[in-house]
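# Remarks on the overall topology
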Amino acid sequence: MRLLFLFPLIAMTLAAPAQAQTRATIVVAADGTGDHTTVQAAVDAVPSGNARPLTILVRKGTYKQQVVIPADKPHISLVGDTRDPREVVLTFDVSASTPKPDGSGTYGTSGSASYVISAPDFTARNLTFENSYNEAANGNSQAVAVRTTGDRQVYENVRFLGNQDTLYANTPSAGTVARQYFRDCYVEGDVDFIFGRATAVFDNCVIKALNRGSADNNGYVTAASTELSNPYGFLIYRSHLTSNAPARTVHLGRPWPAGGSATARGQVLVRESWLGQQVKDAPWTDMSGLNWRDARLSEYRNHGPGATVNADRPQLTAEQAAAFTPEKYLAGSDGWNPVRRRLPAPYGLGRQVLPRNDGWAAATTGTTGGSAARPENVRVVSTRAQLRAALGDPADNTPKIIYVKGAIDADTDDSGTPLTCADYAVNGYTLPAYLAAYDPAVWGRTTVPSGPLEDARKASYAKMAEHVTVTIGSNVTLVGMGGDAALKSFGLRISNADNVIVRNLTITDTADCFPQWDPTDGAEGNWNASFDNVEVSGSTHVWLDHNSLDDGDNPDSGQPLHFGRPYQVHDGLLDVVRGSNYVTLSWNHLSNHDKVTLIGNTDNPARYGEADKLKVTLHHNHFEGLGQRAPRVRFGQVHVYNNYYSGGAGHGYSIGVGFGSKVYAERNAFDGIAAAKVLTVFGGTAITAKDNLVDGMPADLVAAYNKANGTSLGTDAGWTPELFTRIHPPEALRALVPPGAGAGRLR
């Protein structure tokens, strides 16, 4: 009972009409606790010609009904009552081919729409619009989730779900313009799933093309029917076009002459957006007799694995692009501007992006990771199973933010029970049996192991690798919550991905239970492990920042000798290999390990085309108590600056000048490391090394190496870095870097 509204009966009777016209909020709740139980009933309660802002607030639930919001009811905001649009689902389930209940025919494309929104000055927030027509059961057909025809409409934090023809962004007629702004939205479908005549801007949206199971054509993102009289059709701006479809199987779009219009020449611009592997190299195609080259289909400054420039991909110039901004699309004759530019994200590490000019990962498009993730793709994980589920299929490039809470151990099963090396062993493998079979006194020293026990070792390794390896796909930010966030025994692989951020994590003790004995490796043979704590492989735009990488309480120095050689169970701490490019490693703490960072893993320039790749920046890292490879470089233009190195008993060298390498090392500080032991050469010819300190004193690292080894290593790497943040004087690094580098030290 609402006691505040108990007036005399006559007063209530007189006041009711005015109250109905001016009421600010109408509540829809399926359970009857609101003003109405359906959205259509709430819309019907809005007076025609409504002149004041009015909110229809929809409480959690799924509402199955076709709804029409007519043109004579402007100024409505349709809002879900939580920030999570998954919790308020507005749905219906008919297609163009579905027979109408009254027997008058089929619904048709326009009639299949779950929602028809014709009202101008309309806003939707925090909702899901869906057409749940079941293609698998009933056959492929157009099935519209929303048909929009109103002008000055805004959709924010809204999801549009369907298959063919999901979002029909349209106008009342060919001769009118309707402007619609989609911000922080999610649209999914397969064939022509964003289509129509409207002027529509998709700003910071995730647009996902569904996999239809084809090996060569999994559909079309857009089908614009923009009239020639309208310069502005669809703009996809700073968005993510993702898919789990095979590479090169999805078109960006095709021009649709709606109703056979002779004056429709679809206009679509995809600009400054991330394009996944699904995008075809020739992404535009013809439709209904209209040649795509006669339409207005173009791109500007896109990036990601699906982005390229060729004769089939028209690109705007910078001068042309200035006329095709979100503001220009939406301004019209009345200057409408709903565009709100984002301030730097104040809401957590997961939304932070690599600062401008912060090393090679800032090149071209920069590195933003999963900062564009929608609420449903932000996860907090505290178990191995949760982590793997949150990462999902690496081929699904939907932006994700994954927060790691506490320490997660890979050597556990799904119930959390600890696993040992014996749990991974198969086919009769045991270390004692392996040692007995391949003892040099029995096997010899001229050939690598082979036979049943070596096969069993490989199979056991494969079982372990399947369990402990996690692969990070594109557009992901993986970040620790607090100083105790750790991944133990995991092998993190950033493989064939683009745009990845890993921050604030302790990544420790990635130990191989099944290292291989190779008697031909060196004069005395060696044990070789196969897991890296982190491997960046074939990937671009990667930022690893404020992480701690080490062997934990299981250092190789604590392992026994077998066949007179150290039984090594660890490989690299952080490798950048197989043609990776645009990588920044900053403020990490790498400690107490032998093989640290390999940049480039072959001297063959043709294998991964690395001659113009492996561009990596290392700055403000603390390299402590390490053996070698900090880093060891092949080919790459690698900028090593403002790092602090402290030596130890097992130190061999710090920076390896490998084949074709172009290392530029400046203003680093080395303590407890002899100047002649900072560098070593593996086929390289030159390194630029300047303004470095050794034990607090200026040192010419190249001259010290040449003098000690009787060589003539050159002093010019042939390039000068341009992408860097503030460079500190090397004498400040001893006090600056150790307190600041590593997990839990973000400021």
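Given the structure is predicted, the values throughout are model-derived calculations rather than measurements. (Residues numbered from 1 in each chain as written. Predicted model: local features only at pLDDT ≥ 70, side-chain atom pairs only at ≥ 80, totals over all residues. Heavy atoms only, no water.)

### Brief notes about the overall build of the protein
The secondary structure content of the protein amounts to 13 helices and 53 strands. Judged by the C-alpha coordinates and their principal axes, the protein covers about 100 × 55 × 55 Å. Counting every position in the protein, which comprises 747 residues, the buried fraction comes to 56%. In the protein, the proportion of contacts linking residues at least 24 apart, taken out of those at least 6 apart, comes to 73%. (Helix = DSSP H or I, 4+ residues; strand = E, 2+ residues; numbered from the N terminus. Buried < 20%, exposed > 50% of the residue type's maximum accessible area, 1.4 Å probe, protein only. Contact = heavy atoms within 4.5 Å.)

### Some points on the pattern of salt bridges
This structure, assessed with the given rule, holds 30 salt bridges. For Asp93, the salt bridge identified is with Lys64, shortest N-O distance 2.8 Å. Here Lys64 lies in strand S3 (residues 61-64) and Asp93 lies in the loop between strand S6 (88-92) and helix H3 (108-111), a separation of 29 residues in the sequence. Overall, the relative accessible area of 30% leaves Asp93 in the partly exposed class. Here Arg212 makes a salt bridge to Asp190, at a shortest N to O gap of 3.1 Å. Of this pair, Arg212 sits in the loop between strand S16 (206-209) and strand S17 (220-224) while Asp190 sits in the loop between strand S13 (186-189) and strand S14 (191-196), placing them 22 residues apart in sequence. Classification of Arg212 as partly exposed rests on a relative accessible area of 33%. Given a relative accessible area of 2%, Asp190 falls into the buried group. (Salt bridge = Lys/Arg side-chain N within 4 Å of Asp/Glu carboxyl O.)

### Examining the sheet that holds strand S4 (residues 67-69)
Here we have 7 strands laid out as an open sheet, ordered S4-S7-S9-S11-S14-S17-S20, and parallel in their pairing. Taken across any chain shown, the strands that pair with only one partner, and hence form the sheet edges, are S4 and strand S20 (251-253). Adjacent strand axes in the sheet meet at a mean angle of 15° when their direction is disregarded. Direction of pairing for strand S9 (residues 146-148) relative to strand S11 (residues 167-169): parallel, over a ladder of 3 bridges. Paired with Val146 across the strands is Leu167, a residue of S11. (Pairing = 2+ DSSP bridges. Axes fitted to C-alpha atoms, helices over the stretch in contact; angles between N-to-C directions.)

### Section: the environment of Arg248
Here Arg248 lies in the loop between strand S19 (240-243) and S20. Taking relative accessible area as the criterion, Arg248 reaches 33% and is therefore assigned partly exposed. As a C-alpha pair, Arg248 and Pro305 span 57 residues in sequence and 10.0 Å in three-dimensional space. Aside from chain neighbours lying at most four places away, what touches Arg248 is Asp216, Gln277, Gln278, Val279, Lys280, Asp281, Pro305 and Gly306.

### Quick notes on the state of the cysteines
Throughout this description, disulfide means a covalent bond between two cysteine sulfur atoms. One pass over the full model with this rule turns up 2 disulfides. Here Cys421 engages in a disulfide with Cys513; their sulfurs sit 2.0 Å apart. Taking the sign of the S-S torsion, -75° for the link of Cys421 and Cys513, the bridge is left-handed. Pair noted here: Cys421 is in helix H8 (residues 421-424) and Cys513 is in the loop between strand S30 (506-508) and strand S31 (516-518), with a separation of 92 residues, a long-range link. (Disulfide = S-S within 2.5 Å.)

### Quick look at the confidence of the model for the protein
On average, the protein scores 94 in pLDDT, and the residues at 70 or more come to 96%. In the predicted structure, residues 1-22 sits below a pLDDT of 50 and forms 8 contacts with residues beyond four places in sequence or in another chain. (pLDDT = per-residue confidence, 0-100.)

### Some details on the side chain of Asp358
Considering the arrangement of structural elements, one finds Asp358 in the loop between helix H6 (326-331) and strand S24 (378-381). Buried and unpaired, Asp358 has Arg503 as its nearest opposite-charge partner, separated by 7.8 Å. Apart from the residues lying within four places of it in its own chain, the contact partners of Asp358 are Thr584, His619 and Thr725. (Lys, Arg positive; Asp, Glu negative; His and termini not counted.)

### Topic: the packing of aromatic side chains
A complete count under the given rule lists 32 aromatic pairs for this structure. Each ring, one from Tyr115 and one from Phe129, has its centre 5.2 Å from the other, and the planes form 65°; the classification is edge-to-face. One end of the pair, Tyr115, is in strand S7 (residues 115-117); the other, Phe129, is in strand S8 (residues 123-131), and 14 residues separate them in sequence. Centroid distance Tyr168 to Phe195: 4.1 Å. Interplanar angle 15°. Geometry classified as stacked. Taken together, the positions of Tyr168 in strand S11 and Phe195 in strand S14 put the pair 27 residues apart, joining distant regions of the chain. Given the relative accessible area of 8%, Tyr168 is considered buried. On the basis of relative accessibility, which here comes to 2%, the residue Phe195 falls in the buried class. Three or more aromatic residues joined by ring pairs form one cluster here, namely Tyr429, Tyr434, Tyr438, Trp443, Phe514, Trp517, Trp527, Phe563 and Tyr567. Above the ring of Tyr220, the side-chain terminus of Arg254 is found at 3.8 Å from the ring centroid. Just above the ring of Phe682 sits the side chain of Arg632; from NZ or CZ to the centre is 4.1 Å. (Phe/Tyr/Trp six-rings, centres within 6.5 Å; stacked < 30°, edge-to-face > 60°. Lys NZ or Arg CZ within 6 Å of the ring centre and 35° of its normal.)

### A short note on the pairing of S13
Regular strands place their side chains on alternate faces of the sheet. Burial along S13 is two-sided: Tyr186 and Glu188 and Val187 and Gly189, pointing in opposite directions, are all buried. Pairing analysis gives 2 bridges linking strand S10 (residues 153-161) to S13, with the strands arranged parallel. When the bridges of S13 are listed, Phe160 appears paired with Val187. Where S13 lies against S16, 4 bridges are found, and the strand directions are parallel.

### Re the environment of Thr365
By the element assignment, Thr365 lies in the loop between H6 and S24. We classify Thr365 as partly exposed; its relative accessible area is 30%. Setting aside its immediate chain neighbours within four residues, Thr365 contacts His303 and His541.

### As for helix H7 (residues 384-391)
Regarding H7, the residues found buried are Arg384, Leu387, Ala390 and Leu391. Looking straight down H7, one finds its buried side chains confined to an arc of 130°; they lie on one side. If you follow the buried residues of H7, they end up packed against S24, strand S25 (400-409), helix H11 (452-468), strand S26 (469-472) and strand S27 (476-488). Backbone geometry just after H7 places Gly392 at a positive phi near 65°. (Arc of directions from axis to C-beta.)

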